[in-house]
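# Analysis of the macromolecular model
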Amino acid sequence: MPELPEVETFKRYLDSTSLHRRITRLEVRDAYILKRVSARELKHRLKGRRFENSHRHGKHLFVRADDELWLRLHFGMTGSLEYLKHDEVAPKAARVIFHFADNCRLAFDDQRKFGEIELIENVDAFLQTRRLGPDALEISLSRFKAIVGKHRGAVKAILLNQQLIAGIGNLYADEILFRARMHPATLATRLSDKDLRRLFRATRYVLDKAITLKTDFNRLPKSWLLPHRGNGGRCPRCGRALKSAIIGGRRAWFCTHCQKRI
Ligand SMILES: [Zn+2]
């Protein structure tokens, strides 16, 4: 499921392939992922325009087509972008394809169709309506400490709550807590100033590093939890069997030896 690092990688991909090209045609192969906009309206409003820049907040990607016209992309479970040159064939799960004047295309691909495409007028208004928290890579240390330290509940559930901090999903939350050596069920209110600082640094490091590696799981450091996460997995730090439990409604993987409850 695309989390902040994946969506940031899509943003950079879109920026490097698809900006400033005139959209000549839109192909909506499956309108299911369109939210609050019909295929007809989407085509009508974007045809002839160009994607001028983009902005990411949490797991949402906003692509500006005009002062008051933004395309919002959310990648759901399996969404991704694919840029196609000339006669390259679109992937089978391409749901919407933007055709550009130079015969190239950008496909929004989504096997399981939990993704979303919408037109909005104002990014800030959208973020307010959804009550999304600050972006996990943009948030300052003081704000992070104020948000995490003052909420009741397991620290993992707080990291996953998009209305507190936007962008972290199940996999990277586990990695962040592994790096911070914190048990995912630790109550956030028990974290000291030093613990919160450690958690903040781990969040930054894990998200930044995943982006640098273009979220290629095969290239993640072997010292990370993610390559070992799952049944039969062993802790890359101490070699003990990893444990799992449902915390905050999602399955957490962790090492009870290296990650203590505080
Ligand atoms: Zn361990």
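First things first, this report covers the structure right here in the doc.

The rules we used
- Residues numbered from 1 in each chain as written.
- Predicted model: local features only at pLDDT ≥ 70, side-chain atom pairs only at ≥ 80, totals over all residues.
- Heavy atoms only, no water.
- Donors = N, O, S within 2.8 Å, 3.2 Å for Na, K, Ca; no water.
- Tetrahedral: all angles 85-135°; square planar, octahedral: opposite > 155°, others 65-115°.
- Helix = DSSP H or I, 4+ residues; strand = E, 2+ residues; numbered from the N terminus.
- Buried < 20%, exposed > 50% of the residue type's maximum accessible area, 1.4 Å probe, protein only.
- Pairing = 2+ DSSP bridges.
- Axes fitted to C-alpha atoms, helices over the stretch in contact; angles between N-to-C directions.
- Contact = heavy atoms within 4.5 Å.

At 2.2 to 2.4 Å from the zinc ion lie its protein donor atoms, namely Cys-235 (SG), Cys-238 (SG), Cys-255 (SG) and Cys-258 (SG). Note that the zinc ion binds 4 donor atoms; their angles at the metal cover 103 to 114°, and the shape is tetrahedral. Donor residues binding the zinc ion come from one chain and are separated in sequence as C-x2-C-x16-C-x2-C. Taken together, the residues Cys-238 in the loop between helix H7 (193–212) and strand S9 (243–247) and Cys-258 in the segment after strand S10 (250–254) connect sequence positions 20 residues apart. Judged by relative accessible area, which is 28%, Cys-238 ranks as partly exposed. With relative accessibility at 10%, the residue Cys-258 sits in the buried group.

As a further point, take the sheet that holds strand S1 (residues 23–28). Spatial strand order, S1-S6-S7-S5: 4 strands in an open sheet with antiparallel pairing. Here the strands that pair on one side only, and so sit at the sheet edges, are S1 and strand S5 (79–84). Here the average twist between neighbouring strands, direction ignored, is 15°. The strands touched by helix H1 (residues 4–18) within the sheet are S5, strand S6 (94–100) and strand S7 (105–110), with S5 carrying the most contacts at an inclination of about 20°. Contacts from helix H2 (residues 39–46) reach S1 and S6, with the element oriented near 170° to S1.

Burial runs high along strand S3 (residues 60–66): 6 of the 7 residues are buried. As defined by bridge partners, strand S2 (residues 53–57) adjoins S3 across 5 bridges and the pair is classed as antiparallel. Considered in S3, the bridge of His-55 is made with Phe-62. Linking two consecutive strands that pair antiparallel, namely S2 and S3, is a turn of 2 residues; a positive phi of about 55° is found at Gly-58 within it. By the bridge criterion, 6 bridges tie S3 to strand S4 (residues 69–74) in an arrangement that is antiparallel. Pairing of Asp-66 across the sheet is with Leu-69, part of S4.

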